[in-house]
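Next come the chains, spelled out residue by residue.
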Amino acid sequence: MRTQVGIIGGGPSGLLLSQLLHLQGIESVVLERKTQEYVLSRIRAGVLEAGTCDLLRKAKVGQNLDMVGDVHSGIDIVFNGEACNINFTRLTGGDTVTVYGQTEVTRDLYKAREAMNGVIEYSVDDVAIHDLHTTSPHISYKVDGQDKQLECDFVVGCDGYHGVSRQTIPHHQREEYESVYPFGWLGILSETPPVSDELIYAYHERGFALCSMRSPTLSRYYVQVDAGDKVEDWSDERFWDELKRRIPKQAADRLVTGPSIEKSIAPLRSFVCEPMRWQNLFLVGDAAHIVPPTGAKGLNLAASDVHYLYEAMLAYYQKGDKQGLENYSDQALSRVWKSERFAWSLTKLLHYFPEDGVFTNKMRQAEFDYLKSSQAAQSSFAESYVGLPY
Ligand code: FAD
Ligand code: DHB
């Protein structure tokens, strides 16, 4: 099989790039290791920046987002019971974020690709990339034990942190920067009304907690747990008890609990691979970088990478202009590092770190007090949370 752009990974970034390219007459094939059902069963991101929403609209998958996406103009940050409301609209001159689940984004993209006869190969195995130094690289893979081959002009690695694409770049040609946190997030989805209209990010001596939502009848909650904890260690009852202890009393009192319909633990890490391009391979999204989820940046960064690469490919295929492809890595990394900084600093502010001493805890308190009392600090926070410009 031959195509113009071979995309490894059928998560949100691979599907979005494929859809945008298709609308401009550029062919691609997506290779996905799992089934569509499996990809849709992973409950992950919930908060979309305005830039991500605009890109989804450009990809003609904004209809359901605009119908049921919940526009938020602020969040609450609570520090040991004391609240600070960050009002994005006031602080940024009108910017907002939209609560719309990654599952829904991915489902909308699958539907659009199917409606346009986009080619997605599911359940692929043994994916390997070859001849990247030539103008005709190819990807070998297996489906149902049968060997297959995809020839293309460019290979795009949208295959997440554990994918093969990044590993194809020789060790001495890439630099990896990483920080692993000594805890994870236990998340649950429950068919209960959200405890608050706005998201609540809470620091408590027992650890971080987050109250989020998917709809007026579906809530998403997270608590910080020890790195070694297993889902089996956390009954629903234990989860609700712990959440109530970490959020403000008024919220705890009105929290509606119920059985979880999904429960999972995500480890937290900061990670960046440089460069994001090597020969004719381009890395996009989690394949190149990971942020701790505290700032809601992961999916949004994957979307901004897609934007840069899409524009670069458009210039190449429509005008023969290679400059965008040459600049892709630097351009994407510049935004990646700024979002890494934001996610890292918010993670430091809002989590309990077992190794922290009295001085560090005083600094954490001072950081919150400064945020609460300074409009400049709040504006800076809001600018990053709603998303830096592309
Ligand atoms: P992925 O979603 O990881 O997709 C990669 C795809 O590649 C997968 O489908 C995988 O099966 C496939 N694949 C892997 N290896 C291969 C292979 N060898 N061959 C073929 N296919 C392969 N981000 C936000 O912006 N906002 C949030 O609110 C937010 N909250 C989060 C909460 C949690 C608990 C977690 C865990 C993450 C959160 N994120 C959030 C991050 C966000 O989910 C990710 O950044 C996003 O999924 C990245 O998309 P991607 O397409 O780059 O990678
Ligand atoms: C959600 C996830 C996040 O990481 C975040 O910062 C906010 C909301 C969510 O899943 O709803």
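Residues numbered from 1 in each chain as written. Chains lettered and ligands numbered in written order. Predicted model: local features only at pLDDT ≥ 70, side-chain atom pairs only at ≥ 80, totals over all residues.

**Student:** Could you give an account of unusual backbone geometry, with specific residues and numbers?
**Tutor:** Working note: non-glycine residues mostly have negative phi, and peptide bonds are mostly trans. Residues glutamate 274 and proline 275 are joined by a peptide bond in cis, for which omega reads -5 degrees. For proline 275, the position within the fold is in the loop between β17 (260-274) and β18 (277-278). You will see that aspartate 126, though not glycine, has its phi angle at about 50 degrees, which is positive. Looking at where aspartate 126 falls in the secondary structure, it is placed in strand β9 (residues 125-130). Classification of aspartate 126 as partly exposed rests on a count of 13 C-beta atoms within 10 Å. (Helix = DSSP H or I, 4+ residues; strand = E, 2+ residues; numbered from the N terminus. Buried ≥ 20, exposed ≤ 12 C-beta atoms within 10 Å, placed from the backbone.)

**Student:** So, the site of ligand 2: which residues are in play, and what are the values?
**Tutor:** Near ligand 2 the following residues occur: Ala45, Gly46, Val47, Leu199, Leu210, Ser212, Arg220, Pro293, Thr294 and Ala296. Of the residues in the shell around ligand 2, the class split is six nonpolar, three polar and one charged. The two domains that each donate at least three residues to the shell around ligand 2 are domain 1 (5-72 + 95-178 + 268-349) and domain 2 (181-267 + 351-386). (Near = placed C-beta within 6 Å. Nonpolar A, V, L, I, M, F, W, Y, C, P; charged D, E, K, R; others polar. Domains from an automatic or database assignment.)

**Student:** Can you tell me about the nonpolar core, naming the residues and giving the values?
**Tutor:** Counting 107 residues, the largest nonpolar core has Leu16, Leu17, Val156, Phe282, Val284, Val306 and Leu309 as its most contacted members. Here the element with the most residues in this core is helix α10 (residues 298-319); it accounts for 10 residues. The two domains that each donate at least three residues to this core are domain 1 (5-72 + 95-178 + 268-349) and domain 2 (181-267 + 351-386). Those residues within four positions of leucine 17 in sequence are excluded, and the remaining contacts are Ile7, Val156, Cys158, Val284, Val306, Leu309 and Tyr310. (Core = buried A, V, L, I, M, F, W, Y, C linked by C-beta atoms within 7 Å. Contact = placed C-beta atoms within 7 Å.)

**Student:** I'd love a proper account of the site of ligand 1, names of residues and values included.
**Tutor:** With respect to spatial proximity, 37 residues lie near ligand 1, and among them Gly9, Gly11, Gly160, Gly285 and Gly298 are the closest. Secondary structure elements with two or more residues in the shell around ligand 1: α1 (12-23), β13 (175-190) and α10. The leading source of residues in the shell around ligand 1 is α10, at four residues. Of the residues belonging to the shell around ligand 1, the class tally is 16 nonpolar, 14 polar and seven charged. Both domains that meet at the shell around ligand 1, namely domain 1 (5-72 + 95-178 + 268-349) and domain 2 (181-267 + 351-386), each give it at least three residues.

**Student:** Go over the UniProt feature "domain: FAD-binding" (unreviewed entry) in the chain, please, and point to the residues and values.
**Tutor:** In the numbering used here, UniProt assigns the feature "domain: FAD-binding" (unreviewed entry) to residues 2-342. Across residues 2-342 one finds 34% helix and 33% strand; the C-alpha atoms that close the span lie 41 Å apart. (UniProt positions renumbered as here; feature names shortened; annotations may be inferred.)

**Student:** An account of the pairing of strand β14 (residues 199-203) is requested, with residue identities and associated values reported.
**Tutor:** Among the five residues that make up β14, five are buried, leaving the element largely enclosed by the rest of the structure. Burial along β14 is two-sided: Leu199, Tyr201 and Tyr203 and Ile200 and Ala202, pointing in opposite directions, are all buried. As paired elements, strand β5 (residues 74-79) and β14 share five bridges and run parallel to each other. In the sheet register, aspartate 76 faces β14, and the bridge partner there is isoleucine 200. Bridge analysis of β14 against strand β15 (residues 209-215) gives three bridges, and the strand direction is antiparallel. Bridged to isoleucine 200 within β15 is cysteine 211. (Pairing = 2+ DSSP bridges.)

**Student:** Mind laying out the sheet that holds strand β4 (residues 70-72), listing which residues take part and the relevant values?
**Tutor:** With antiparallel pairing, three strands are arranged side by side in an open sheet as β3-β7-β4. Single-partner strands in this sheet number two, and they are β3 (47-49) and β4. Within the sheet, the average angular offset between the axes of one strand and its neighbour, ignoring direction, is 35 degrees. Here β4 pairs with strand β7 (residues 97-99) via three bridges, running antiparallel. Of the residues in β7, the one forming a bridge with valine 71 is threonine 98. Docked against the sheet, helix α3 (residues 50-58) engages β3 and β7, running at close to 80 degrees with respect to β3. (Axes fitted to C-alpha atoms, helices over the stretch in contact; angles between N-to-C directions.)

**Student:** Could you give an account of helix α8 (residues 236-246), naming the residues involved and the relevant values?
**Tutor:** Count 3.6 residues to each turn of an α-helix, and residues three or four apart come out pointing the same way. Residues Phe239, Trp240, Leu243 and Arg246 constitute the buried set of α8. Taken down its axis, α8 places every buried residue within 130 degrees of arc, on the same side. For α8, exposure combined with an orientation more than 90 degrees from the buried face picks out Glu237, Arg238 and Asp241. (Arc of directions from axis to C-beta.)

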